[in-house]
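Inside the fold
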Amino acid sequence: MTALRNAGQFRRIAPVCHDIAVGGQLLGLHDSGVVWWAEQQTLIVADLHLEKGSSYARRGVMLPPYDTAATLERLAMVIDAFDPARVIALGDSFHDAEGSDRLPAPYRAFLTTLQLNREWIWVTGNHDPVAPVRLCGECVDELTLGSFTFRHEPRPGAQPGEVCGHLHPAAKVRRYGRSIRRPCFATDSNRLILPAFGALTGGLNVMDAAFAELFPPRGFSAFMLGADRLYPFTASKLVAD
Amino acid sequence: MTELSHSALLPDRFHAWFKMRGWSPRAHQLALIDQLGRGSSTLLIAPTGAGKTLAGFLPSLIEISGAARRKPGSAKGAERSGVHTLYISPLKALAVDIARNLEAPVAEMNLAVQIETRTGDTPAHKRQRQKLVPPDILLTTPEQIALLLSDAAGMAMLSGVRTVILDELHALVTSKRGDLLALGLARLRQFSPDVRMVGLSATVAEPDDLRAFLMPQTNPDERRLSEVVTVTGGAAPDIRILESAERVPWSGHSARYALDDIYKQILEHKVSLIFVNTRSQAEMIFQDLWKINTETLPIALHHGSLDVGQRRKVEAAMSAGQLRAIVATSSLDMGIDWGDVDLVINVGAPKGASRLAQRIGRANHRMDEPSKAVLVPANRFEVLECRAALEASLTGGQDTPALRRGALDVLAQHVLGVACAAPFDADMLFSEIRACETYRHLDRATFDKVVDFVATGGYALKTYDRYAKLKRGPDGLWRIANPKVAQQYRLNVGTIVEAPMLKVRLVRSKAEGRKTPLGRGGRVLGEIEEWFVEQLTPGDTFLFAGEILRFETILENEAYVSRARSTSPMIPSYQGGKFPLSTYLADGVRRLIADPAHWPHLPGQVRDWLELQRLKSVLPRRDGLLVETFPRSDKHYLVCYPFEGRLAHQTLGMLLTRRLERLGARPMGFVANDYALSIWCLSDLSQMIGAGRLSLDALFEEDILGDDLDAWLAESSLMKRTFRTCAVIAGLIERRHPGQEKNGRQITVSSDLIYDVLRQHEPDHILLRATWNDAAEGLLDISRLGELLARIRGRITHTRLDRVSPLAVPVLLEIGREPVYGEAQDAILAEAADDLIEEAMA
């Protein structure tokens, strides 16, 4: 009954990153939406929202039950490309607190194989404030490694070096009378907010008020996700929804 | 009909009333009383002004006023206690208008008949009361029927219905609302098997389709048809094409050249209706007319995006005879009866012969006097289209669309509604649904898939069984899992999924130098599509509600605008209207062009234009396809003339561009209008064709509708928009209700993401099938494109030119006004992003 496909049948991802400095330390942004911290061989991914489909189904909204499969397949490709020693999942890894309990057996097994031979850290999020059940990995509310602090929700006034998710940043560009909206990384070089990685996760425009207390007005950049590269924009080039 | 049969059919009271009015009952009115008396469902086809509505209601008025009625609260007897007659119309406003019109005969004959309306605007307490004390005649909409049928009290109210009157049936059946209606009527027949259907329609191309729609179709081999009463005659309309001394433009849709002539027509008539095809055209003509309105004639504006209050004001002023002209879109195509209109001016392309006839019928509601109309073509191709439409109206040619196949998303909604009312047996429901003319082709496997979809989402991966909305009990009946499912259903009923709209609120301008925040709480002018506002940058000006407005900002779900000082607004891009040129008129236009014998009827300028085309290139043949190739500046153009309407052309453009890309022609973009398609490339197309490296027969081969189409659809935003509509109707995603927007957009699951996931993992899912069916008929017009490719096979004429041909000028002039397609999103991003790098280096 598995809908998972062998990752081998997909195009291989090139582990080529766009390097930027956050809090004075280098981090690599990847067009899949993950961050590669080469010095520590650490892969960072945010807002997987696994089992979002079944979370909605509980309320009678029958979204396609393929979101977990789609998300894990993509994650497997990324892990395959980088072969990290450590993975940090930046919170909202499951769409609700019971999500990890509902995880169908084949997906659980698949996820477990991804965790083999590497350190795995679940940072809690507002959707999944508790440690996932029957899965490997260490669960923390936040984590400080080197000069970086990894947490789910950005905290206004935080020390430089905050790496977080939660907001699902997306950016919009207008050109030739058309507008293009894509998920993006958002950073002012003190703080980095990752795009949501999950298959059914929408985005919040970085021009939204929610970002105003985190970045100086127009003093940040967005790196929009493209087919095989990132597209950098300064905030002044972006438009609101 | 003889005097004798008159008195037999018409009670004395009704006789006396006709006499008092100085009328005599018309033959078709009596025929309808006769047919309904025999218990027969009947279609009445009549031109406007024939007393169609009264004819529809007379049998009911006679029956109700002659029958005893059980008093509410008294003991149950043999008498009827529910609604006797249901009247269903495509427009809410029409129901209200008809209720008003029926009041006079009912009062004058002193009939004990209660008439009430029930629409989305009816207050809850009144709806509740109607369930307890139903009126005799209920005027309502297809959505309300669906709602009533989904609960026990509503079903009781409708269980005794004797007659259903379907007004403007030809308009009702062409949409998903028609599907919803058909399913509702099939339900109604289950507990009221003798119910008689009365269809009222203007002239249609295929009357048998409508006759079949009115009947239960129980025999798969033979269509059952209702009775039909046709009113022939009526004075032939007096139509002419405006002959202006001004030059008819090559392209564009503004008809500005004819403005003085239009104004002159308004001056010469009592009341003029000016029809245009799009909202932006309406805004523009209205604005321009007021600029030259030296007599300050009362001229008003009416279109669907204006604030309801404002629209009602215009309608009231019209009824009161205070207006000399209204500029309107299809929002006024149907229904509301204004006797005083003595001229219809149709600006722009008529698009279809029947559509034009309907519009012209708005003038002069007496059928024995000719309706008067003036057609104002906005460009040269439209002159040809107007000419073809005029000839069609002389010969009575009709081109109403063929009956549609019932949509699967609407079926899903209906199945849930049925379950909300009472547990159902799948076999019985299946045969009930197959009795609908529009669903008689439904196969059992598809039906079962739809039920499965409603229950658990219908996925091959069966993980949602424990959350099922419908469950099958040990008795074999399907029932809803809990009462919340019914609540969800009620919020979701209906087939109209609006494009996301923003309110337009007038505030004071930011640009006036104040540092204070924008003033809140200004007047709401109406609503405008989100996609349009998304194109605007603060400071841009546009026409709306008859004013030039300056876009300020978007706050929550409102677009803030201020009055602009500028005199030249940036005009909303012309979206071509929702209606593509009809196949029938397209053929008429091709015939006109191909045969110079028809040209003497055309204005001199247009004749010269065609003559030039004959000299410089060749004329498109009626049954073939002309393809021209020529260089222009540093690009190479391919222009073809399929005359199949903009939607089919856009789809063709997408597909040809992909193919040309593979063939190394390096296409850069394309633009389409209703008549032609132009693609431009970097490679020399003439040379490629000459050298045999590019075969036009292969390029236009029908297999383009296979893999190329599939590949393109994967990314097409049109397909995603269609999917969203289907998903909302089918109940997969919930409608956005007013007030919910504040929850933030990131919370609602984007239908685009659902589409991507579903397409990737279950490409044959029932909802994707529904989406495909819609796209084939609707936004992409794939069925029409298929017919075109079949028609032109082996009949392609290629001309190699060294410059643009006269016929190609209009479509090339569209470049810059129309959205240009064919550039990938990533290419645009790359270009924009590189700007940044250049800036950084500078």
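Residues numbered from 1 in each chain as written. Chains lettered and ligands numbered in written order. Predicted model: local features only at pLDDT ≥ 70, side-chain atom pairs only at ≥ 80, totals over all residues.

Observations regarding the overall build of chain A
When its secondary structure is counted, chain A shows 4 helices and 16 strands. Taken against the 2.2 N^0.38 rule, which gives 18 Å for 241 residues, the C-alpha radius of gyration of chain A at 17 Å falls within 12% of a compact globule. Overall, the C-alpha framework of chain A stretches about 50 × 40 × 35 Å when taken along its three principal axes. Counting all 241 residues of chain A, 50% fall into the buried class. Look at the contacts in chain A between residues 6 or more apart in sequence, and 69% of them connect residues 24 or more apart. (Helix = DSSP H or I, 4+ residues; strand = E, 2+ residues; numbered from the N terminus. Rg over C-alpha atoms; globule rule 2.2 N^0.38 Å. Buried ≥ 20, exposed ≤ 12 C-beta atoms within 10 Å, placed from the backbone. Contact = placed C-beta atoms within 7 Å.)

Re the overall build of chain B
A count of helical and extended segments in chain B gives 33 helices and 25 strands. Within chain B, buried positions represent 46% of all 842 residues. Within chain B, contacts between residues at least 6 apart in sequence are counted, and of these 75% link residues at least 24 apart.

Quick notes on the packing of helix 15 (residues 353–360) of chain B against helix 16 (residues 380–395) of chain B
All names here are of chain B. At a minimum axis separation of 9 Å, helix 15 and helix 16 run at an interaxial angle of 75°. When the axes of helix 15 and helix 16 are compared, the pair comes out roughly perpendicular. Across from Ala353, Leu356 and Ala357 in helix 15, the residues of helix 16 making contact are Ala389, Ala392 and Ser393. Tallied by class, residues from the contact of helix 15 with helix 16 come to 5 nonpolar, 1 polar and no charged. (Axes fitted to C-alpha atoms, helices over the stretch in contact; angles between N-to-C directions. Parallel < 35°, antiparallel > 145°, perpendicular 65-115°, else oblique. Nonpolar A, V, L, I, M, F, W, Y, C, P; charged D, E, K, R; others polar.)

What to know about the nonpolar core
Counting 295 residues, the largest nonpolar core has Ile44 and Val45 of chain A together with Ile274 of chain B as the members making the most contacts within it. Element by element, the count of residues in this core is highest for helix 17 (residues 408–421) of chain B, at 9 residues. Leaving out residues up to four positions away in the same chain, Val45 of chain A has contacts with Val34, Leu75, Val87, Ala89, Leu90 and Phe197 of chain A. (Core = buried A, V, L, I, M, F, W, Y, C linked by C-beta atoms within 7 Å.)

A word on the sheet that holds strand 4 (residues 42–45) of chain A
Residues and elements named next belong to chain A. The mixed open sheet is built from 7 strands, whose spatial order is 1-2-3-4-5-6-7. Each of the sheet's edge strands pairs with one partner strand only, and the pair in question is strand 1 (18–22) and strand 7 (138–140). For this sheet, the mean inter-axis angle between neighbouring strands, taken without regard to orientation, is 25°. (Pairing = 2+ DSSP bridges.)

Brief notes about helix 22 (residues 583–594) of chain B
Residues and elements named next belong to chain B. The terminal C-alpha atoms of helix 22, which comprises 12 residues, lie 16 Å apart, in line with the 16 Å expected from a rise of 1.5 Å per residue. Every buried residue belonging to helix 22 is among Leu585, Ala586, Gly588, Val589, Arg590, Leu592 and Ile593, and all of these are buried. Those residues of helix 22 that are buried lie in contact with helix 15, helix 16 and helix 23 (604–616). (Expected span 1.5 Å × (residues − 1).)

Brief notes about the packing of helix 2 (residues 67–82) of chain A against helix 4 (residues 105–115) of chain A
The packing of two helices is summarised by the inter-axis angle and the distance between the axes. All names here are of chain A. Running from amino to carboxyl end, helix 2 crosses helix 4 at an angle of 15°, the nearest separation of the two axes being 11 Å. Taken together, the axis directions place helix 2 and helix 4 in an arrangement best described as roughly parallel. The chirality of how helix 2 crosses helix 4 is left-handed. Across the interface between the two elements, Thr68, Ala69, Leu72, Leu75, Ala76 and Ile79 from helix 2 touch Tyr107, Phe110, Leu111 and Leu114 from helix 4. In terms of residue class, the contact of helix 2 with helix 4 is made up of 9 nonpolar, 1 polar and no charged. (Left-handed = near helix turned anticlockwise from the far one by under 90°.)

Things to note about the sheet that holds strand 1 (residues 42–45) of chain B
Consider a sheet: its strands pair through backbone hydrogen bonds, and that pairing is either parallel or antiparallel. Residue and element names in this part refer to chain B. Taken together, the 7 strands give an open sheet; going across it, the order is 3-4-2-5-6-1-7, and neighbouring strands pair in parallel fashion. Of all the strands in the sheet, just strand 3 (115–118) and strand 7 (227–230) have a single pairing partner and so form its edges. The average undirected angle you get between the axes of adjacent strands in this sheet is 20°. The pairing of strand 1 with strand 7 spans 4 bridges and is classified as parallel. Note that in strand 7 the partner of Ile45 across the bridge is Thr230.

A look at the pairing of strand 2 (residues 85–88) of chain B
All names here are of chain B. Side chains of strand 2 alternate between two faces, with Thr85 and Tyr87 and Leu86 and Ile88 buried alike. Of the pairings in the sheet, the one linking strand 2 to strand 5 (residues 163–166) comprises 4 bridges and is parallel in character. Bridge pairing in strand 5 places Tyr87 opposite Ile165. Note: strand 2 against strand 4 (residues 137–140), 4 bridges, orientation parallel. Residue pairing for strand 4: Tyr87 is matched across the bridge by Leu139.

Focus on the confidence of the model for chain B
Residue and element names in this part refer to chain B. On average, residues of chain B score 84 in pLDDT, and 86% of them reach the 70 mark or higher. Taken together, the stretch residues 738–747 has pLDDT below 50 and engages in 9 contacts with residues farther than four places along the chain or on a different chain. Predicted complex, confidence summary: ipTM 0.86, pTM 0.84. (pLDDT = per-residue confidence, 0-100.)

Some points on the environment of Asp288 of chain B
All names here are of chain B. Following the sequence through the fold, Asp288 ends up in helix 13 (residues 279–291). Taking the C-alpha atoms as reference points, Asp288 and Gly352, 64 residues apart in sequence, are found 26 Å from one another. Not counting chain neighbours up to four residues away, the residues in contact with Asp288 comprise Arg256 and Leu259.

Comments concerning the environment of Phe220 of chain A
Residue and element names in this part refer to chain A. Considering the arrangement of structural elements, one finds Phe220 in the loop between strand 14 (204–205) and strand 15 (221–225). Residues Phe220 and Asp96 lie 124 residues apart in sequence; the distance between their C-alpha atoms is 31 Å. Setting aside residues no more than four positions away along its own chain, Phe220 makes contact with Ala186, Thr187, Asp188, Phe215 and Ala235.

With respect to the pairing of strand 19 (residues 547–555) of chain B
All names here are of chain B. Note: strand 18 (residues 541–544) against strand 19, 4 bridges, orientation antiparallel. Across the sheet, the residue bridging to Phe544 is Glu547, located in strand 19. Hairpin geometry of strand 18 and strand 19 is characterised by an intervening segment of 2 residues between the two adjacent antiparallel strands and by a positive phi of about 50° at Ala545. Alignment of strand 19 against strand 20 (residues 558–563), held across 6 bridges, turns out to be antiparallel. Residue pairing in the sheet places Phe551 in a bridge with Val561 of strand 20.

Some details on unusual backbone geometry
A positive phi angle, near 60°, is found at Glu51 of chain A, a position not held by glycine. Classification of Glu51 of chain A by C-beta neighbours within 10 Å gives buried; the count is 29. Even without being a glycine, Asn110 of chain B presents a positive backbone phi close to 55°. Following the sequence through the fold, Asn110 of chain B ends up in the loop between helix 5 (92–108) and strand 3.

Focus on the environment of Ile593 of chain B
All names here are of chain B. Topologically, Ile593 is positioned in helix 22. C-alpha of Ile593 to C-alpha of Phe381: the two residues are 212 residues apart in sequence and 10.0 Å apart in space. The residues touching Ile593, leaving out its near neighbours within four places in the chain, are Leu384, Leu610, Leu619 and Pro620.

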